[in-house]
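Single-letter residue listing:
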Amino acid sequence: MFFPISNSHISPIYLVVIGFLIGIMGGFFGVGGSFIAGPALRAVGLDWNFAIGTDIAHIVGKSVVAAKRHRALGNVDLRLGLIMAIGTMGGTEVGAQLIQMLKRAGNVNTVVSIISIAIYVSISTFMIWEAWRTLRLQKKRKSRSKATKSANKKDESSFSHRTRAIQRFHLWPMISLPTSGVRISLWVIILVSFIGGLFAGFLGGGAGYIRMPMLVYVLGIPTHLAVGTDLFEIILSASYGTFSHAIKGNVDILIALVMNTGAAIGAQIGAILTQYFAGPKIRLAFVPLPLIGAAIVIYTMWTGHKI
Amino acid sequence: MKADRAATLRAFVIELAVYAVLVTGYFFLVLHFLSGWLQDLHLHHAMVYALVAIALVIGQAVVLEIVTTWLFRLLRGRSE
């Protein structure tokens, strides 16, 4: 199928299948799936600036569906999501401007490829280490005390002591988040969301791969709520990202619309799956995904071939 | 238990098949006709293109969600 906006030929079946897979990921992990979508679009010959802009646009639609599901399941902290949108929009604009700078300099493909590989590998390494430590800690506790079944389902993190230290950091204004059971400085929330936005604007998608871990480990939001809130926040921030990238000529909306047809059905399946897994297990299952994205980027970069 | 799983899987496969037919029709009827107009907006009216892009992607997501939910209910209802 020919896509005149980006002047590219891509199989619609390929786009629908990619959309379906990242739809499942979005519903299950609360991430936009840009670590797969971006490299997958790059692998069929789109320039990184188009892959990034189109990925952000596709994520808007997918997140609407997945966030609606999570809202119905009570997995969304609306107050946190709205506050985070402010920082994310700022970060997204900075990221989009960086892409424009690289586009003008003529090295957007090389720079974004190298940075994305480094980031995807770092995220996977960190999450496997953390989830493994948490699961080991739970096992130890279980064998020491006569643990009940519910202890195994408890959403714990081996970073809990550091998260509590961040929550004790009192810098006015302090924000209460009753849904998440957290009271934290507004500036910590803004900083976390700004970093997420920066990644979204620079690498595409909703940057859930960086925001979701930060929600859990830095802000101390329970994993199920982090998944739903992240999706809700992505609707607002990715809409802004789509607008910003579209006026810079980086969005092929037809590709995004085709991908969304697969994502619609995948997102429903993913959201239902979260009900069957505890927090650390969701995080452990997330580990290989950024590595797959990194592998696709390495393949495209080294061989220069389209898939 | 096995019968339940088989029924769910069968419903899911039927759903995918029906959905694939709908989506293929949508590609040819809607996206084919939209492409010229969207390319023109992309080249000459970037601001309008950006707003239309957001509206299209959200509108399509909402409609597709209604379609998939309806299909889920229809086929699961029949399989139970």
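Residues numbered from 1 in each chain as written. Chains lettered and ligands numbered in written order. Predicted model: local features only at pLDDT ≥ 70, side-chain atom pairs only at ≥ 80, totals over all residues. Heavy atoms only, no water.

**Concerning the overall build of chain A**
- Each helix and strand counted, chain A has 13 helices and four strands in total.
- Taking contacts inside chain A between residues at least 6 apart in sequence as the whole, the part at least 24 apart equals 80%.
- Summing over all exposed atoms, chain A offers an accessible surface of approximately 12,000 Å²; the carbon and sulfur share of this is 68%. (Helix = DSSP H or I, 4+ residues; strand = E, 2+ residues; numbered from the N terminus. Contact = heavy atoms within 4.5 Å. Areas by Shrake-Rupley, 256 points an atom, 1.4 Å probe, with all protein chains shown as cover.)

**Things to note about the packing of aromatic side chains**
Residues and elements named next belong to chain A.
- Applying the stated rule across the entire model yields two aromatic pairs over all chains.
- Ring centres 6.4 Å apart and planes at 45 degrees place the aromatic pair Phe-126 and Trp-129 in the tilted group. With a gap of three residues between them, Phe-126 and Trp-129 both fall in helix H5 (residues 108-144), about one helical turn apart.
- For Trp-129, a relative accessible area of 38% translates into the label partly exposed. (Phe/Tyr/Trp six-rings, centres within 6.5 Å; stacked < 30°, edge-to-face > 60°. Buried < 20%, exposed > 50% of the residue type's maximum accessible area, 1.4 Å probe, protein only.)

**Overview of the packing of helix H4 (residues 78-105) of chain A against helix H8 (residues 186-203) of chain A**
Residue and element names in this part refer to chain A.
- The interhelical angle for the contact between H4 and H8, taken along N-to-C directions, is 35 degrees, at an axis separation of 6 Å. For the element pair H4 and H8, the recorded crossing hand is right-handed.
- Taken together, the residues that form the contact of H4 with H8 break down as 17 nonpolar, nine polar and no charged. (Axes fitted to C-alpha atoms, helices over the stretch in contact; angles between N-to-C directions. Left-handed = near helix turned anticlockwise from the far one by under 90°. Nonpolar A, V, L, I, M, F, W, Y, C, P; charged D, E, K, R; others polar.)

**Some thoughts on the pairing of strand S3 (residues 174-177) of chain A**
Residue and element names in this part refer to chain A.
- Of the strand pairs in this sheet, S3 and strand S4 (residues 182-185) are connected by four bridges, and their pairing is antiparallel. Bridging from a neighbouring strand, Met-174 pairs with Ser-185 of S4.
- Hairpin geometry of S3 and S4 is characterised by an intervening segment of four residues between the two adjacent antiparallel strands and by a positive phi of about 70 degrees at Gly-181. (Pairing = 2+ DSSP bridges.)

**Quick notes on the environment of Ala7(B)**
- You can see Ala7(B) is positioned in helix H1 (residues 2-44).
- Under the relative-accessibility criterion, Ala7(B) is labelled buried at 12%.

**So, the interface of chain A and chain B**
- With 32 residues of chain A at the interface, the matching set in chain B holds 30 residues.
- Roughly 2,700 Å² is buried in total at the junction of chain A and chain B, and carbon and sulfur atoms are behind 79% of that figure.
- Connecting chain A to chain B are zero salt bridges.
- Put simply, chain A and chain B have three residue pairs in polar contact (both at pLDDT 80 or more) between them.
- If you tally residues by element for the side of chain A that touches chain B, the top one is helix H11 (residues 253-273) of chain A, at 10 residues.
- When the residues that make up the side of chain A that touches chain B are grouped by side-chain class, the tally is 21 nonpolar, eight polar and three charged. (Buried area = accessible area lost by both parts, 1.4 Å probe. Salt bridge = Lys/Arg side-chain N within 4 Å of Asp/Glu carboxyl O. Polar contact = N/O pair within 3.5 Å; in protein donor to acceptor, adjacent residues only side chain to side chain.)

**Quick notes on the packing of helix H2 (residues 34-43) of chain A against helix H3 (residues 48-72) of chain A**
Residue and element names in this part refer to chain A.
- Running from N to C, H2 and H3 cross one another at 135 degrees; their axes reach a closest spacing of 9 Å. Viewed along their axes, H2 and H3 adopt a mutual orientation that is oblique. Where H2 crosses over H3, the two elements pack in a sense that is right-handed. Contacts between H2 and H3 pair Ser-34, Ala-37, Gly-38, Pro-39, Leu-41 and Arg-42 from the former with Trp-48, Ala-51, Thr-54, Asp-55 and Ile-59 from the latter.
- Each residue belonging to the contact of H2 with H3 can be placed in one class, and the counts come to six nonpolar, three polar and two charged. (Parallel < 35°, antiparallel > 145°, perpendicular 65-115°, else oblique.)

**Thoughts on unusual backbone geometry**
- The phi angle at Asn7(A) is positive, at roughly 55 degrees, despite the residue not being glycine.
- As for its position among the elements, Asn7(A) is in the loop between strand S1 (2-3) and strand S2 (8-9).

**Quick look at the nonpolar core**
All names here are of chain A.
- Judged by nonpolar contacts, the single largest core of 99 residues is most densely connected at Val-112, Ile-189, Tyr-209, Leu-219, Ile-221 and Ile-253.
- With 12 residues, H3 is the single largest residue contributor to this core.
- In this view, Val-112 contacts Trp-48, Ile-52, Ile-99, Leu-102, Phe-202 and Leu-203; residues no more than four positions away in its chain are not counted. (Core = buried A, V, L, I, M, F, W, Y, C linked by side-chain atoms within 4.5 Å.)

**Some points on the confidence of the model for chain B**
- Residues at a pLDDT of 70 or more form 84% of chain B, whose mean pLDDT is 79.
- The ipTM, which scores confidence in the relative placement of chains, is 0.84 for this predicted complex, and the corresponding pTM is 0.77. (pLDDT = per-residue confidence, 0-100.)

**A short note on helix H9 (residues 208-217) of chain A**
- Most of H9(A) is tucked away, with 10 of its 10 residues classed as buried.
- Listed in full, the buried residues belonging to H9(A) are Gly208(A), Tyr209(A), Ile210(A), Arg211(A), Met212(A), Pro213(A), Met214(A), Leu215(A), Val216(A) and Tyr217(A).

**Re the pattern of salt bridges**
Residue and element names in this part refer to chain A.
- On inspection of all chains with the given rule, the structure shows three salt bridges over all chains.
- Put simply, Glu-93 and Lys-248 hold a salt bridge, and the shortest N to O gap is 3.3 Å. Placement of the pair is Glu-93 in helix H4 and Lys-248 in the loop between helix H10 (223-247) and H11, with a sequence separation of 155 residues. One exposure class covers both Glu-93 and Lys-248, and it is buried.
- A salt bridge links Glu-233 to Arg-211, with the shortest nitrogen-to-oxygen separation between them at 3.2 Å. Taken together, the positions of Glu-233 in helix H10 and Arg-211 in helix H9 put the pair 22 residues apart, joining distant regions of the chain. With respect to class, Glu-233 is no different from Arg-211; both count as buried.
- Here the residues in one salt-bridge network are Arg-211, Asp-230 and Glu-233, joined through shared partners.

**A few points about the side chain of Lys248(A)**
All names here are of chain A.
- Exposure remark for Lys-248: the relative accessible area of 18% places this residue in the buried category.
- A polar contact is formed between the side chain of Lys-248 and the side chain of Glu-93, at a distance of 3.3 Å.
- Polar contacts involving the side chain of Lys-248 include one to the side chain of Ser-244, which spans 2.7 Å.

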